[in-house]
Amino acid sequence: MIPFVLLFTALILAAVEILSRRDELRRLHVRFSLDTQLAEPGECVTLRYTVSNFSALPLLFTGFTLRLDSVLTLEEDEAFLRRHAITDFTGTRVNYRFSLGARRQFSGKLRFSVKQRGLYELGKYYLEAGDFLGIKPMLRSGEITGRIICTAASCDTPSIRALGGVIGAVSVRRFIHDDPSMVLGYSDYSGREPMKQISWNQTAKAGKLIVRQNDFTTDSLAEVLVNIDPTSRPLMERCLSLTSTVCRLLEAKKIPYSLRSNGDLFSVTEGLGTSHLFFIQRRIGLSRLTGYTGFPELIESCLRQKRSNCTFIVVTPVLDESCQNAVDRLRRYADLKPIVLCAKEDEP
């Protein structure tokens, strides 16, 4: 009786072993997700992963390895690093060993950060699984799906702190600017009104100076002008940090803002809100610091599309003669005095 039971058990195990070898790794599915696609340097990002067994048979041995690119830094505690992580010149490998029941899954997460601006792949994964008895292991590899964009870091310098006060004044000014297109009525000229408020049609009719009484507007906005000069990459990286910080300040003050550049930041139309800021920060992260035209041409394009009640914020790596002349021209023809942030002068 016992030999018969042993023989029957051996036949069952052999049958299950044969069946398990027919689709070793096809029954395993790996899925990845990121909690964000855009981060600042040093910001913690979470990568979640799931290994699913869609087979009716359990896997007694499963190996799962994540090889993160060297630009990614793990942000896990020491106990986790000692148990699962190995770091060398090729990057960091995170290893797991587990058994996986039928129709079950294994899930986990990793926290990492990126130190420099740019677009990064996450790395590769390796999935090892044996047959039912673990006699014949098989290996499969693939790319970790998803990419992370690291935008420029925010900065806190004297010029940025001073800019915060100016932007606050712009925010207040939005509610005290009078709109020449909204006329409430007319009154006699008292001598205190600016000449541009004089209505010459009404003056001709009344035979005395008459001024318009305008309604107030909330249409004041800001436009960030970025001078991309690829000859000085360190200063340009600082320019991108200044640009990122300026946009965050404008967003915090709820001032509608647009962005215009003479390079691969291109132009972003006026807007406000999380998605608007995300789009600009994404452009900053993806920039290769490629310039297409000169800074004077950028200023000319602004003057051709003259906008009232617009505060121009110029971000430039250096303020040389050509750049200074362009800024002076903008100052002469713009309604409001432009604000200039120079990366060279802003260095700590």
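A few points on the structure. Please read all numbers here as calculations on a predicted model, not as lab measurements. (Residues numbered from 1 in each chain as written. Predicted model: local features only at pLDDT ≥ 70, side-chain atom pairs only at ≥ 80, totals over all residues. Heavy atoms only, no water.)

Some points on the overall build of the protein
Logical step 1: Within the protein, the regular secondary structure consists of eight helices and 19 strands.
Logical step 2: For the protein, buried positions account for 45% of its 348 residues. (Helix = DSSP H or I, 4+ residues; strand = E, 2+ residues; numbered from the N terminus. Buried < 20%, exposed > 50% of the residue type's maximum accessible area, 1.4 Å probe, protein only.)

Re helix 7 (residues 295-304)
Logical step 1: Residues Phe-295, Leu-298, Ile-299, Ser-301 and Cys-302 constitute the buried set of helix 7. For helix 7, the angular spread of buried residues about the axis comes to 155°, placing them on one side.
Logical step 2: Those residues of helix 7 that are buried lie in contact with strand 15 (221-226), strand 16 (257-261), strand 18 (310-316) and helix 8 (321-333). (Arc of directions from axis to C-beta. Contact = heavy atoms within 4.5 Å.)

Side note on the sheet that holds strand 8 (residues 105-114)
Logical step 1: Strand order across the open sheet formed by four strands is 1-3-8-5, with antiparallel pairing between neighbours. Unpaired on one side and paired on the other, strand 1 (28-34) and strand 5 (72-74) mark the two borders of the sheet. Strand-to-strand twist in this sheet, taken as the mean axis angle between neighbours without regard to direction, amounts to 35°.
Logical step 2: Bridging between strand 1 and strand 3 (residues 45-53) involves seven bridges; their strand directions are antiparallel. Note on strand 3: the bridge partner recorded for Val-30 is Val-51. (Pairing = 2+ DSSP bridges. Axes fitted to C-alpha atoms, helices over the stretch in contact; angles between N-to-C directions.)

Quick word on the environment of Arg-283
Logical step 1: Note on placement: Arg-283 falls in helix 6 (residues 274-286).
Logical step 2: Residue class for Arg-283 comes out partly exposed when judged on its relative accessible area of 24%.
Logical step 3: Through-space distance from the C-alpha of Arg-283 to that of Phe-266 is 8.4 Å; in sequence the pair is 17 residues apart.
Logical step 4: Leaving out residues up to four positions away in the same chain, Arg-283 has contacts with Leu-265, Phe-266, Ser-267 and Val-268.

Let's talk about the packing of aromatic side chains
Logical step 1: Under the defined criterion, the tally for this structure stands at eight aromatic pairs.
Logical step 2: Their ring planes at 15° and their centres at 4.1 Å tell us that Phe-98 and Phe-106 sit as a pair that is stacked.
Logical step 3: Residue classification places Phe-98 among the buried positions, given a relative accessible area of 12%. (Phe/Tyr/Trp six-rings, centres within 6.5 Å; stacked < 30°, edge-to-face > 60°.)

Just geometry here; none of it tells us what the structure is for.
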